[in-house]
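Residue-level structure breakdown
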There are 2 protein chains.
Amino acid sequence: MNKKTAPRARRDDMLSRERIIDAAIDLLDREGERGLTFQALSAQLATGPGAIYGHIANKADLLTAACDAIVARAVASPSDDATPQAAIRALALALFDAMDDHPWAGATLIQAGGQMPVVRILERVGQQISALGVPQAAHWAGASAVVNYILGVSGQNAANAQLARSQKADRDTFLAEVAIAWSRLDPAQYPFTRSVAGQLRGHDDREDFLAGVDLLLAGLVSQAQIS
Amino acid sequence: MNKKTAPRARRDDMLSRERIIDAAIDLLDREGERGLTFQALSAQLATGPGAIYGHIANKADLLTAACDAIVARAVASPSDDATPQAAIRALALALFDAMDDHPWAGATLIQAGGQMPVVRILERVGQQISALGVPQAAHWAGASAVVNYILGVSGQNAANAQLARSQKADRDTFLAEVAIAWSRLDPAQYPFTRSVAGQLRGHDDREDFLAGVDLLLAGLVSQAQIS
DNA sequence: ACCTGAACACCGTTCAAGT
DNA sequence: ACCTGAACACCGTTCAAGT
């Protein structure tokens, strides 16, 4: 009876947790982390600031949920890779690219503790670690090492993007400035940093990131062979 | 002439960047990241909020400087270790313990981009990577992988400590709660996370952290041997 | 030259009043 | 039951006035 009218009767502009999170992601992508305020968010949703608290607990909850949506999308693609190593590399790259598109998500992810977005990553990584033949007792240490590495890079990338933004420079000129600052350090105290300052300029972030993943995988494989 | 009176004439309570940073560290250690406000800080220094801006640029600058002081202390101990591996392990552990004592520093460190606190770590790690015999071209990738891993763990630990604090639980009961939440996840979607939930409880954070460092070192050594 | 502290612009969150 | 939006408590930062 009422089924006939239900689809059209349901108001499209009704507030929901999902709509709030989508609007928050929009705002974060456009204006950065500083741009997400309850004022701006409620304005975009054509409501009052108080209405949002009916669907989310607080701002930290909102940020975690927005970050989780990004991670869920990045992790959603099916992994039909030939080897566990390839699957982990593909997963890591998908996350890297997602964080590159949404720099605020990297900063949020690392503050999310053992919550959903991190668990999603842990699960995907862990399944492949298990497939690698790593002994059961080493599952946790291996998976958490890979996850921590991914989180560290994400956070660092987010920080770089945010610093570049605050200086109104693009990423390349920002990195060039860092390279110059490093090459001016005291040679006696900072020989290594000075020596890699050149490599910093023009390097490929994605490739460096993958190199780190490969180091961990190489370590895991040798560990699996020993035991 | 004036040298005679100078030592006593110099007012001990004069404001300085160093005194501000020390007071900020005190406040952060006692009250957490939320406790550092210019109001509380200036009160502790017996001055007005505006006076602080004569010595530091803004709050981000203050946080980075405070974090740098912690890192500088942790890194200061001489490394007379037998092998580069042992030196990196000792350095990583010193940083881990420092972040454990000052959880706010982990969260700050990861937002510090290519600035001093991170450079200090990069330099120490890099010198040992170089001593390991890693080929020059791989210096940057190897050192940044280790640094990123350390930063990731630091940030994650800081987030856990902060979450535990906000729930007014100590670290152990907080981790126990996480373990329970994980063991309640959907078995079809989260088999791995469920399987390691048990290992989470009662595990040794320091040991897990070192295991990740060892994985990276094992990968680096095998890389050095191949080339 | 440096400190003082009131004032400003803003933000997350609450809650009585509406519908 | 849910939205509305004024009000509250608070915070980083500035700046004219002091010393």
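Every chain begins its residue count from 1, and numbering advances along the sequence as written. For naming, the first written chain is A and the first written ligand is 1, with later ones following in the order written. Reporting in this predicted model follows two pLDDT cut-offs: at least 70 for local features of residues, and 80 or more for side-chain atom pairs to be given and counted; totals over whole chains, interfaces and linings ignore these cut-offs and use all residues. Each side-chain value is derived from all of the structure's non-hydrogen atoms; neither hydrogens nor water enter the calculation.

Next up on the list: the protein's contact with DNA strand D. Surveying the vicinity of DNA strand D reveals 14 residues, the closest of which are Thr47 and Gly50 of chain A together with Phe38, Tyr53 and Lys59 of chain B. Expressed as a percentage, the sugar and phosphate content of the atoms of DNA strand D within 4 Å of the protein is 63%. In this structure, Gly50 of chain A approaches DNA strand D through a main-chain N or O atom, which is 3.4 Å from a base oxygen. Note on residue classes: Ala, Val, Leu, Ile, Met, Phe, Trp, Tyr, Cys and Pro are nonpolar, Asp, Glu, Lys and Arg are charged, and everything else, Gly too, is polar. Of the residues assigned to the surface near DNA strand D, the class counts are 6 nonpolar, 7 polar and 1 charged. Proximity criterion: a residue is near a molecule or strand once any of its heavy atoms comes within 4 Å of it. Under the rule applied, a polar contact is a pair of N or O atoms within 3.5 Å (in protein, one hydrogen donor and one hydrogen acceptor; residues adjacent in sequence only if both atoms are side-chain atoms).

Our focus in this paragraph is the packing of aromatic side chains. The geometry of an aromatic ring pair is captured by the separation of the ring centres together with the interplanar angle, meaning the angle of the planes. Side-chain rings of Phe, Tyr and Trp (the six-membered ring for Trp) are treated as a pair once their centres are within 6.5 Å; stacked means planes under 30 degrees apart, edge-to-face means over 60, and tilted covers the remaining angles. With the rule as written, the count across this model stands at 8 aromatic pairs over all chains. Ring plane angle 55° and centroid distance 6.2 Å describe the contact between Trp140 of chain A and Trp182 of chain B, whose orientation is recorded as tilted. Residue Trp140 of chain A is found in helix H8 (residues 139-166), and its partner Trp182 of chain B is found in helix H9 (residues 171-183); the two belong to separate chains. What links up through ring pairs into an aromatic cluster is the set Phe96, Tyr149 and Phe209 of chain A. Each helix is a run of DSSP H or I of at least 4 residues and each strand a run of E of at least 2, with the numbering of both proceeding from the N terminus.

On to the domain arrangement of chain A, then. Residues and elements named next belong to chain A. Throughout, the edges of the domains are those of an automatic or database domain assignment. According to the domain assignment, chain A consists of domain 1 (1-56) and domain 2 (81-226). On a C-alpha basis, the centres of domain 1 and domain 2 stand 33 Å from each other. Contacts are assigned to residue pairs with any non-hydrogen atoms lying within 4.5 Å of each other. In this complex, domain 1 contributes 7 residues to the contact, which on the side of domain 2 involves 7 residues. Buried area counts how much accessible surface, traced with a 1.4 Å probe, disappears from two parts once they are put together, with both parts' losses summed. Area buried by domain 1 at its contact with domain 2 is led by Leu28, Asp29 and Glu33, which between them contribute 73% of it. Counting the contacts that link domain 1 with domain 2 gives 3 residue pairs in polar contact (both at pLDDT 80 or more).

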